[in-house]
Amino acid sequence: MTRATSALLAGLVGILLAMTSAPAFAAPSDDAEPDPQITAMLEEVPGGVLIDSRHAVWPELAMELTVHADKGRSARSVGSCATNSICVYNGLSLGGTSTLTFGTCGNHTIPSTFSAKSLANARTSGYVQARNASAVVATVYAGNWANISGGATSLRCYL
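The rules behind each value
Residues numbered from 1 in each chain as written. Predicted model: local features only at pLDDT ≥ 70, side-chain atom pairs only at ≥ 80, totals over all residues. Heavy atoms only, no water. Phe/Tyr/Trp six-rings, centres within 6.5 Å; stacked < 30°, edge-to-face > 60°. Helix = DSSP H or I, 4+ residues; strand = E, 2+ residues; numbered from the N terminus. Buried < 20%, exposed > 50% of the residue type's maximum accessible area, 1.4 Å probe, protein only. Pairing = 2+ DSSP bridges. Axes fitted to C-alpha atoms, helices over the stretch in contact; angles between N-to-C directions. Disulfide = S-S within 2.5 Å.

Peer 1: Any details on the packing of aromatic side chains? Residues and values, ideally.
Peer 2: Scanning the entire structure with this criterion turns up 2 aromatic pairs. Taking 5.3 Å as the distance between ring centres and 40 degrees as the angle between the ring planes, the aromatic pair formed by tyrosine 127 and tyrosine 141 counts as tilted. Within this pair, whereas tyrosine 127 is found in strand 8 (residues 127-132), its partner tyrosine 141 is found in strand 9 (residues 135-141), the two being separated by 14 residues in sequence. Overall, the relative accessible area of 25% leaves tyrosine 127 in the partly exposed class. Relative to tyrosine 158, the ring of tyrosine 127 lies with its centre 4.7 Å away and its plane at 20 degrees, an arrangement referred to as stacked. Linking tyrosine 127 in strand 8 with tyrosine 158 in strand 11 (residues 154-158), this pair joins segments that are 31 residues apart in sequence.

Peer 1: Help me get a handle on the sheet that holds strand 1 (residues 49-52), residues and values and all.
Peer 2: Taken in spatial order, the 7 strands make up an open sheet running 1-2-3-5-4-7-10, and their pairing is antiparallel. Looking at strand neighbours, the two that pair on one side only are strand 1 and strand 10 (144-147), the edges of this open sheet. If you compare each strand with its neighbour and ignore which way they point, the axes differ by 20 degrees on average. When strand 1 meets strand 2 (residues 55-58), the two strands line up antiparallel, connected through 3 bridges.

Peer 1: An account of the state of the cysteines is needed here, citing residue identities and associated values.
Peer 2: For the structure shown, the criterion picks out 2 disulfides. Note that cysteine 81 is cross-linked by a disulfide to cysteine 87, the S-S spacing being 2.0 Å. Judged by the sign of its S-S torsion, about 90 degrees, the cystine formed by cysteine 81 and cysteine 87 is right-handed. Each member of the pair, cysteine 81 as well as cysteine 87, carries the same accessibility label: buried. Put simply, cysteine 105 and cysteine 157 are joined by a disulfide, and their sulfur atoms are 2.1 Å apart. With the S-S dihedral at roughly -100 degrees, the linkage between cysteine 105 and cysteine 157 falls on the left-handed side. Taken together, the positions of cysteine 105 in the loop between strand 5 (98-102) and strand 6 (107-109) and cysteine 157 in strand 11 put the pair 52 residues apart, joining distant regions of the chain.

By themselves, these figures tell us nothing about what the structure is for.
Listed below in structure tokens is the structure:
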């Protein structure tokens, strides 16, 4: 695949994710600065595409980061994690200020700039393990969620 084709594909995937993800955010004005969490993640994980000041995607990793506008948000249910997605929150009980969303079942690295505290599995089957190195710190079956004890460095999804 050529560099131009890859860039076009990444842009199209980013637009599609921005249009279908919830909550939807308006595009930033020209003077809007990206949230510091977005900036840190873009610096740590190559291949990211900035969608707006609170949303970035990594098409090749099937990962997106959303920084919530309402930082005082209360706990949320699995229903807030899109169908067939795996969501990692930086707060306990599916709360916090930002969410990493993975759209594929596989092994995913959680960037060190993201503090994983809870995990939702909005898939219809299988389970996801949050791991800290090789130790399993949480297991979440389809349609459920759990808090993560001790933080996590990766996810492993089983069909």
